[in-house]
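So you can see what is in the structure, the chains are spelled out below.
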Amino acid sequence: MALKQMWETEKKNLSDLGSQTLLDCISQLQDAADDLQTSIESISSGLGDLTFVKKIEEILTFASSALTNDDTCRDAFDDIDSDTDEEVKIAVQNKIDEIKPYTSLSLIFIIRYANCTGCP
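Definitions and limits used
- Residues numbered from 1 in each chain as written.
- Predicted model: local features only at pLDDT ≥ 70, side-chain atom pairs only at ≥ 80, totals over all residues.
- Heavy atoms only, no water.
- Patch = residues over 30% accessible without salt bridge, like charges linked within 9 Å, V, L, I, M, F, W, Y side chains within 5 Å.
- Areas by Shrake-Rupley, 256 points an atom, 1.4 Å probe, with all protein chains shown as cover.
- Salt bridge = Lys/Arg side-chain N within 4 Å of Asp/Glu carboxyl O.
- Lys, Arg positive; Asp, Glu negative; His and termini not counted.
- Charge placed at Lys NZ, Arg CZ, Asp CG, Glu CD.
- Helix = DSSP H or I, 4+ residues; strand = E, 2+ residues; numbered from the N terminus.
- Buried < 20%, exposed > 50% of the residue type's maximum accessible area, 1.4 Å probe, protein only.
- Disulfide = S-S within 2.5 Å.
- Expected span 1.5 Å × (residues − 1).
- Contact = heavy atoms within 4.5 Å.
- Axes fitted to C-alpha atoms, helices over the stretch in contact; angles between N-to-C directions.
- Parallel < 35°, antiparallel > 145°, perpendicular 65-115°, else oblique.
- Left-handed = near helix turned anticlockwise from the far one by under 90°.
- Core = buried A, V, L, I, M, F, W, Y, C linked by side-chain atoms within 4.5 Å.

### Some remarks on a negative patch on the surface
- Together, D75, D78, D79 and D81 line one region of the surface with negative charge.
- Tracing the sequence through the fold places D75 in helix α3 (residues 52–76).
- Among the residues examined, D75 registers a relative accessible area of 47% and is labelled partly exposed.

Given below as structure tokens:
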């Protein structure tokens with residue numbers, strides 16, 4: 001189940017803190033997705049006025065920001081303790097665990113490409 005759907009379904013059962021934490025987390029993960037999309041668009045747009053190094057730094061910044069947003073979302077649930085909130089916390093953390101490897105992998109690819117000699 002998508003996190004936004006989870007919030008719609010569970011909001012009446014969540015504490016105020018749990019509900020707000022989930023909404024904040026949804027926002028953080030949307031920001032992460034936006035940052036990764038910006039990275040992809042930046043790669044697709046070519047160098048423009050930037051040097052190769054500056055372009056890679058720009059792309060790394062967006063990809064790193066996405067990873068930070070994943071971590072921020074996960075950390076936001078550290079203070080949650082009611083049973084219903086705990087179930088949502090576990091579901092959110094599982095969802096982050098599903099997507100985080102892809103975010104990390106994108107960083108690895110970008111770094112490897114940046115360090116590649118003789119690459120186009």
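There's more to say after this.
### Brief notes about the state of the cysteines
- Enumeration over the complete set of coordinates arrives at 1 disulfide.
- Each sulfur of the disulfide joining C25 and C73 lies 1.3 Å from the other. Of the two residues, C25 is situated in helix α2 (residues 16–44) and C73 in helix α3; the sequence distance between them amounts to 48 residues. By the burial criterion, C25 is buried, and C73 matches it.

### Thoughts on α3
- Under the 1.5 Å per step criterion, the end-to-end length of α3 is 36 Å for 25 residues, consistent within 8% with the ideal 36 Å.
- Considered for burial, the residues of α3 that qualify are K55, I56, I59, A63, A66, L67, N69, D70 and C73.
- Packing partners of the buried residues in α3 comprise α2 and α4 (83–114).

### Digging into the packing of α2 against α3
- At a minimum axis distance of 8 Å, the contact between α2 and α3 shows a crossing angle of 165°. The angle between the axes of α2 and α3 places the two elements in the roughly antiparallel class. Of the two elements, α2 crosses α3, and the hand of that crossing is left-handed. Here T21, C25, Q28, L29, D31, A32, D35, L36, T38, S39, S42 and I43 of α2 come into contact with α3, specifically with K55, E58, I59, F62, A63, S65, A66, N69, D70, T72, C73 and A76.

### Some points on the nonpolar core
- Grouped together as the largest cluster of nonpolar side chains are 11 residues: L14, L22, C25, I26, L29, C73, F77, I80, V88, V92 and I96.
- Among the secondary structure elements, those contributing two or more residues to this core are α2 and α4.
- In terms of residue count, α2 provides more of this core than any other element does, 4 residues in total.
- Counting 6 residues, the second largest nonpolar core, distinct from the first, contains I56, I59, L107 and I110.

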